[in-house]
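# Examination of the molecular architecture
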Amino acid sequence: MKKGIKIQFIPFSQLAGMSSYKRVKFILENVKDKIVIIQGKLKPEEEKDLIEETMKKIGKGFKGIEIEVLNPKFDQNIIARLKKSVADFLVGDRDAITLIGPASFIKEIKKDIKKLELFLKFK
Amino acid sequence: MVIRIITNFFQRIFTNIFAIKKDLKIGLYGPPNTGKTTLANRICKDWIGEELGKVSNIPHETREILIKDSITIKHKGKSITFKLIDTPGIATKIDYEDFLKYGLSKAEAKKRAKEATKGVIEAIKWLNDMDVVVVVLDATQNPYTQVNITIIGNIAARKIPLIIAANKIDLKRAKLKAIEGAFPEYQTVGISAKHGTNMEEFYETLFNVIKQSKKRRK
């Protein structure tokens, strides 16, 4: 039987209650064999931790991750960006969409300020 | 009263002595192959006449932190001395098979990949120690990548003054405006580290940002 590609959607509410450590661990556990789409985005510190943890795990069978975030903030002028940053700080950034997957089967995620395009590897 | 004045006087002297001793650290950060080491070499060659590290077309050539102490740059009669720290490129994936395309043997490629993962972790760890960061981006590439945003977001979160050096502007497909548009909150200078293009503006911007950093350190 042919193996398909699994895509998992994680709503903001599922990650909101987790500590930063748990959030990063949860994402890395889930992203091993599937593409994960998260409502919202990680904080810069969490993204940094995610890169660090990813590097520690690279080895046999795991080549790292591809991650891109579609953030409406980048489609705005500087004043609107600053206002949005304050709002995000207060209630969390749930307008963004984060796309993460294993580098072993994601060829590329093309990104511009309005869209993300996912290109997969089929061997 | 007199004792307090004398105490304050000596406190100020000692504070200044230690402030001078603490080297100002300028870090070069960015994704792999954007020209961080080429820029480090350019700065070193311009001011001390020697290079810092080896450059190559193979990604992750710099896999360890490279440091050059006591670089003094001069601008409009003033001078600033700092420690230059060139860091390995930050990436979210490292696949040894990518290195095979450059003619490396499987063993060499695997070794390089392993060293590169450690290099990324080291680069991230060093970020907390920086006083000023120059984010080196490739002006021919899309600036909106998450790695760029993560690097800049983490520098901003630590309130470290930063400059964006949009490198490789000598190439036809370079888009300086795209980088300026992606990060309008920060000063972007278009340069070609390889050819030394626009380095005067780069040093002037660096001088201004270092001034901000000194205020922050006080």
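Report on the accompanying structure. Each chain has its residues counted from 1, following the order in which its sequence is written. Whichever chain is written first is A, and whichever ligand is written first is 1; the rest continue in order. Totals for whole chains, interfaces and linings use every residue, but because this is a predicted model, local features are given only for residues with pLDDT of at least 70 and side-chain atom pairs only at 80 or more, for both listing and counting. Heavy atoms throughout the structure, all of them, feed into the side-chain values; hydrogens and water do not.

### Focus on the overall build of chain B
- Check the secondary structure of chain B and you find 7 helices and 6 strands.
- Only DSSP runs of H or I with at least four residues qualify as helices, and only runs of E with at least two residues qualify as strands; both kinds are numbered from the N terminus onward. Counted from the first residue to the last, chain B has its helices and strands arranged as α-β-α-β-β-α-α-β-α-β-α-β-α.
- Buried, partly exposed and exposed residues are distinguished by accessible area as a fraction of the type maximum, computed with a 1.4 Å probe on protein chains only: under 20%, between the cut-offs, and over 50%, respectively. Sorting the 218 residues of chain B into buried and exposed places 50% on the buried side.
- Contacts spanning at least 24 positions in sequence make up 70% of the contacts within chain B whose residues lie at least 6 apart.
- In short, Shrake-Rupley with a 1.4 Å probe defines the accessible areas, and a residue's cover is counted only from the protein chains shown. Here chain B has roughly 11300 Å² of accessible surface; of this, 54% comes from carbon and sulfur atoms. Contacts are assigned to residue pairs with any non-hydrogen atoms lying within 4.5 Å of each other.

### Description of the overall build of chain A
- Along chain A, the regular secondary structure elements total 4 helices and 6 strands.
- When the elements of chain A are put in sequence order from the N terminus, they spell out β-α-α-β-α-β-α-β-β-β.
- Burial status across chain A gives 41% buried among its 123 residues.
- A separation of at least 24 residues holds for 66% of the contacts in chain A among residues at least 6 apart in sequence.
- Of the roughly 7300 Å² of accessible surface on chain A, 58% is carried by carbon and sulfur atoms.

### Considerations on unusual backbone geometry
- One non-glycine residue, B:Asn33, lies in the positive phi region at around 60 degrees.
- Relative to the helices and strands, B:Asn33 is located in the loop between β1 (24-29) and α2 (36-48).

### Comments concerning the packing of helix α3 (residues 44-57) of chain A against helix α4 (residues 106-126) of chain B
- One can describe the packing of α3(A) onto α4(B) by two numbers: an axis separation of 8 Å at closest approach and a directional angle of 150 degrees. Between α3(A) and α4(B), the interaxial angle falls into the category roughly antiparallel. With respect to the hand of their crossing, α3(A) and α4(B) are arranged in left-handed fashion. Along its contact with α3(A), which presents A:Lys48, A:Ile51, A:Glu52, A:Met55 and A:Lys56, the element α4(B) presents B:Thr117, B:Val120, B:Ile121, B:Ile124 and B:Lys125. Between N-to-C directions, angles cover 0 to 180 degrees, with each direction set by a line fitted to C-alpha atoms, over the stretch in contact for helices. Oblique is the label for every angle not falling under 35 degrees (roughly parallel), over 145 degrees (roughly antiparallel), or within 65 to 115 degrees (roughly perpendicular). Left-handed describes a crossing whose near helix is turned anticlockwise from the far helix through less than a right angle; right-handed describes the clockwise counterpart.

### Considering a negative patch on the surface
Residues and elements named next belong to chain B.
- Put simply, a patch holds well-exposed residues, over 30% relative accessible area, that have no salt bridge, with like charges counted together within 9 Å and Val, Leu, Ile, Met, Phe, Trp or Tyr side chains within 5 Å. Salt bridge criterion: a side-chain nitrogen from Lys or Arg within 4 Å of a carboxyl oxygen from Asp or Glu. By the counting scheme adopted, Arg and Lys are positive, Glu and Asp are negative, and His together with the chain ends is not counted. For charged residues, the charge sits on one atom: NZ in Lys, CZ in Arg, CG in Asp, CD in Glu. Among the surface-exposed residues, Asp46, Glu200, Glu201 and Glu204 lie close enough to one another that they form a single negatively charged patch.
- Of all the elements, helix α7 (residues 199-217) adds the most residues to the negative patch, at 3 residues.
- Along the chain, the position of Glu200 falls in helix α7.

### Considering the interface of chain A and chain B
- Opposite the 24 residues of chain A that make contact, chain B presents 26 residues.
- Two parts placed together each lose some accessible area; with a 1.4 Å probe, that loss summed over both constitutes the buried area. Carbon and sulfur atoms make up 61% of the surface buried where chain A meets chain B, a total of about 2400 Å² over both sides.
- Applying the counting rule to chain A against chain B returns 5 salt bridges.
- For A:Glu52, the salt bridge identified is with B:Lys125, shortest N-O distance 3.7 Å.
- Within 3.5 Å is the distance limit for a polar contact, defined as a pair of N or O atoms, with the added protein rule that one can donate a hydrogen and the other accept it, and that residues adjacent in sequence qualify only through two side-chain atoms. Where chain A packs against chain B, one counts 13 residue pairs in polar contact (both at pLDDT 80 or more).
- Of all elements in the fold, only α3, β3 (65-70), α4 (78-91) and β5 (106-111) of chain A reach the threshold of two or more residues within the side of chain A that touches chain B.
- Ranked by residues supplied to the side of chain A that touches chain B, first place goes to α3(A) with 9 residues.
- Of the residues in the side of chain A that touches chain B, the class split is 11 nonpolar, 2 polar and 11 charged. For this scheme, ten residues count as nonpolar: Ala, Val, Leu, Ile, Met, Phe, Trp, Tyr, Cys and Pro. Four count as charged, namely Asp, Glu, Lys and Arg, and the remainder, Gly too, count as polar.

### Focus on the packing of aromatic side chains
All names here are of chain B.
- Side-chain rings of Phe, Tyr and Trp (the six-membered ring for Trp) are treated as a pair once their centres are within 6.5 Å; stacked means planes under 30 degrees apart, edge-to-face means over 60, and tilted covers the remaining angles. Applying the stated criterion to the full structure yields 2 aromatic pairs over all chains.
- Centre to centre, the rings of Trp47 and Tyr203 are 5.2 Å apart; their planes meet at 85 degrees, and the pair counts as edge-to-face. Remark: Tyr203 occurs in helix α7 and Trp47 occurs in helix α2; sequence separation between them is 156 residues.
- Residue classification places Trp47 among the partly exposed positions, given a relative accessible area of 27%.
- Note on Phe202 and Tyr203: the rings are 5.6 Å apart at their centroids and 65 degrees apart in plane angle, and the pair reads as edge-to-face. Residue Phe202 shares its accessibility class with Tyr203, and that shared class is buried.
- Here the aromatic residues Trp47, Phe202 and Tyr203 are joined through ring pairs into a cluster of three or more.
- Any Lys NZ or Arg CZ found within 6 Å of a ring centre and within 35 degrees of that ring's normal is scored as a charge over the ring. When the ring centre of Tyr96 is taken as reference, the NZ or CZ atom of Lys110 above it lies at 5.1 Å.

### Considerations on α4(B)
- An expected span of 1.5 Å times one less than the residue number is assigned to each helix. Between its first and last C-alpha, α4(B) extends 30 Å over 21 residues, near the 30 Å set by a 1.5 Å rise per residue.
- The complete set of buried residues in α4(B) reads B:Ala109, B:Arg112, B:Ala113, B:Ala116, B:Thr117, B:Gly119, B:Val120, B:Ile121, B:Ala123 and B:Ile124.
- Elements that come into contact with the buried residues of α4(B) comprise α3 of chain A together with β1 and α3 (96-100) of chain B.

### Structural notes on the nonpolar core
- A:Leu50, B:Ile90 and B:Val135 are the most contacted members of the largest nonpolar core, which has 53 residues in total.
- Considering every element that reaches this core, the biggest residue donor is α4(B), with 7 residues.
- Leave out the neighbours within four places in its chain, and B:Ile90 touches A:Ile51, B:Tyr29, B:Gly30, B:Pro31, B:Pro32, B:Val120, B:Ala123, B:Ile124, B:Val147 and B:Ile151.
- Among the nonpolar cores identified, the runner-up in size contains 28 residues, and B:Ile71, B:Ile73, B:Leu84 and B:Ala193 belong to it. What we call a nonpolar core is a set of buried Ala, Val, Leu, Ile, Met, Phe, Trp, Tyr and Cys residues that are connected through their side-chain atoms within 4.5 Å.

Without other data, these values stay purely geometric and don't point to any function.
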